[in-house]
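Here's the letter readout for the chains.
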Amino acid sequence: MLRSLTVSDPQQIDSLQDAGFNAMHVEASAPNLSILLEVAAKHSLPVYGRIRLLARPGLSDTSPTNTLGQQVEGAECPSQPLAQDRCLQLCERVAAQFPWAGLQLMGLGFRSFPAQATDHGDANFYRSICFCAACQYGYGAAGSILEHVAREAIETPSPKHPTVDTMLLWRRSVQYGLLRQIHDLVSTPLCLHTAAELRYTGDRSSLTFEEAKGLVASCSVDPESPEDLARLTSLPRPMPVYCTSNIAPESFSGVIL
Ligand SMILES: [Zn+2]
């Protein structure tokens, strides 16, 4: 069983094996990455690199943009071709850096807006639907209906419109396409961190374990509540799925759902 700890301090590595860990995770963007990798190699410890996709400081043309014109800062929309290119370049660069045991892909999905105290029902979900140029193109003819539906639902609770299902399906096809491109580009085994935004967008916004089948060696999840955990546990799991919470916040170890 994988018992890995996320490490940022090289001194932690010396005692990892004695503490029962058989691998370690590091942030691929860690400023002291080369030292961490050097010490891990000395101990012959398998190292997993964590890549944070679709993160970009500030606001730009590729930022997620909702129907009110508000943007998510620090993130990119996965349907934007430029953002996809940056993801691929990042994965290729990190994969070439070290003989990783695996690469954990974080943030491969659509960002949601922070919930507001005044939100009713699904208001946050509708406020989080992206209407950037690339998403609008992807929605096609359903886009203008979806925009109308989203605006209304932000204001007052409304029954779910069929265009929402179309949008969710399309959104998952975007994520699948990006994951497939990463899979085809790098030979390192991949671990997909999925359903990260469950509390805002529902599980149909994230790729399911079954949808990721064939493209990743494992998945990781970070359930925020016992309900989330129960729901994730009830899903078909065609690959090992690691739970990164509920033990110790910094640990990636052990629990296979
Ligand atoms: Zn978008």
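Residues numbered from 1 in each chain as written. Predicted model: local features only at pLDDT ≥ 70, side-chain atom pairs only at ≥ 80, totals over all residues.

**Overview of the packing of helix α6 (residues 143-155) against helix α7 (residues 162-185)**
Helix-helix packing: each pair is described by the crossing angle between the helix axes and the interaxial distance.
Alright, step 1. The N-to-C vectors of α6 and α7 enclose an angle of 115 degrees; their axes lie 9 Å apart at closest approach. Taken together, the axis directions place α6 and α7 in an arrangement best described as roughly perpendicular. Along this stretch, α6 crosses α7, giving a crossing that reads as left-handed. On α7, the residues that touch I145, L146 and V149 of α6 are T163, V164 and M167. (Axes fitted to C-alpha atoms, helices over the stretch in contact; angles between N-to-C directions. Helix = DSSP H or I, 4+ residues; strand = E, 2+ residues; numbered from the N terminus. Parallel < 35°, antiparallel > 145°, perpendicular 65-115°, else oblique. Left-handed = near helix turned anticlockwise from the far one by under 90°. Contact = placed C-beta atoms within 7 Å.)

**Quick look at α6**
Alright, step 1. Compared with the 18 Å implied by 1.5 Å per residue over 13 residues, the 19 Å span of α6 between its first and last C-alpha is a close match.
Alright, step 2. In the core, the buried residues of α6 are packed alongside α4 (123-127), α5 (133-139) and α7. (Expected span 1.5 Å × (residues − 1).)

**Side note on the environment of H183**
Alright, step 1. Of note, H183 is situated in helix α7.
Alright, step 2. Spatially, the C-alpha atom of H183 lies 27 Å from that of N32, the residues being 151 residues apart in sequence.
Alright, step 3. Sequence-distant contacts of H183, defined by excluding residues within four places in its chain, comprise L190 and L215.

**A few points about the nonpolar core**
Alright, step 1. Counting 60 residues, the largest nonpolar core has M24, V47, L103, L105, L192 and C219 as its most contacted members.
Alright, step 2. Here this core takes six residues from α7, the largest share from any one element.
Alright, step 3. When near neighbours in sequence (up to four residues on either side) are disregarded, C219 contacts C191, L192, T194, F209, A212, M239 and V241. (Core = buried A, V, L, I, M, F, W, Y, C linked by C-beta atoms within 7 Å. Buried ≥ 20, exposed ≤ 12 C-beta atoms within 10 Å, placed from the backbone.)

**What about the sheet that holds strand β6 (residues 218-221)?**
Alright, step 1. If you trace the seven strands from one edge of the open sheet to the other, you get β1-β2-β3-β4-β5-β6-β7, paired in parallel fashion. If you trace the sheet from one side to the other, it starts and ends with β1 (4-6) and β7 (241-243), each paired once. Strand-to-strand twist of the sheet, defined as the mean angle between neighbouring strand axes without regard to direction, takes the value 25 degrees.
Alright, step 2. Note that strand β4 (residues 102-106) and strand β5 (residues 190-193) share three bridges and pair parallel. Note that in β5 the partner of L103 across the bridge is L190.
Alright, step 3. Its contacts with the sheet put helix α3 (residues 81-97) on β3 (47-52) and β4, and the angle it makes with β3 is roughly 160 degrees. (Pairing = 2+ DSSP bridges.)

**Brief notes about the pairing of β4**
Alright, step 1. Among the five residues of β4, five are classified as buried, and the element is accordingly described as predominantly covered.
Alright, step 2. The two faces of β4 match: G102, Q104 and M106 on one face and L103 and L105 on the other face are all buried.
Alright, step 3. In this sheet, β4 lies alongside β3 in parallel orientation, the contact comprising five bridges. Opposite G49, over in β4, you have L103 as the bridge partner.

**Remarks on unusual backbone geometry**
Excluding glycine, residues mostly have negative phi values, and the peptide bonds linking residues are mostly trans.
Alright, step 1. In this structure, S44 is a non-glycine residue whose phi angle is positive, near 55 degrees.
Alright, step 2. As for its placement among the helices and strands, S44 is situated in the loop between α2 (33-42) and β3.
Alright, step 3. Phi at L54 takes a positive value of approximately 60 degrees, unusual for a residue other than glycine.
Alright, step 4. Examined against the element boundaries, L54 turns out to sit in the loop between β3 and α3.
Alright, step 5. C-beta crowding within 10 Å serves as the criterion here: with 24 such atoms nearby, L54 is assigned to the buried category.

Any functional reading would require information that these geometric values do not contain.
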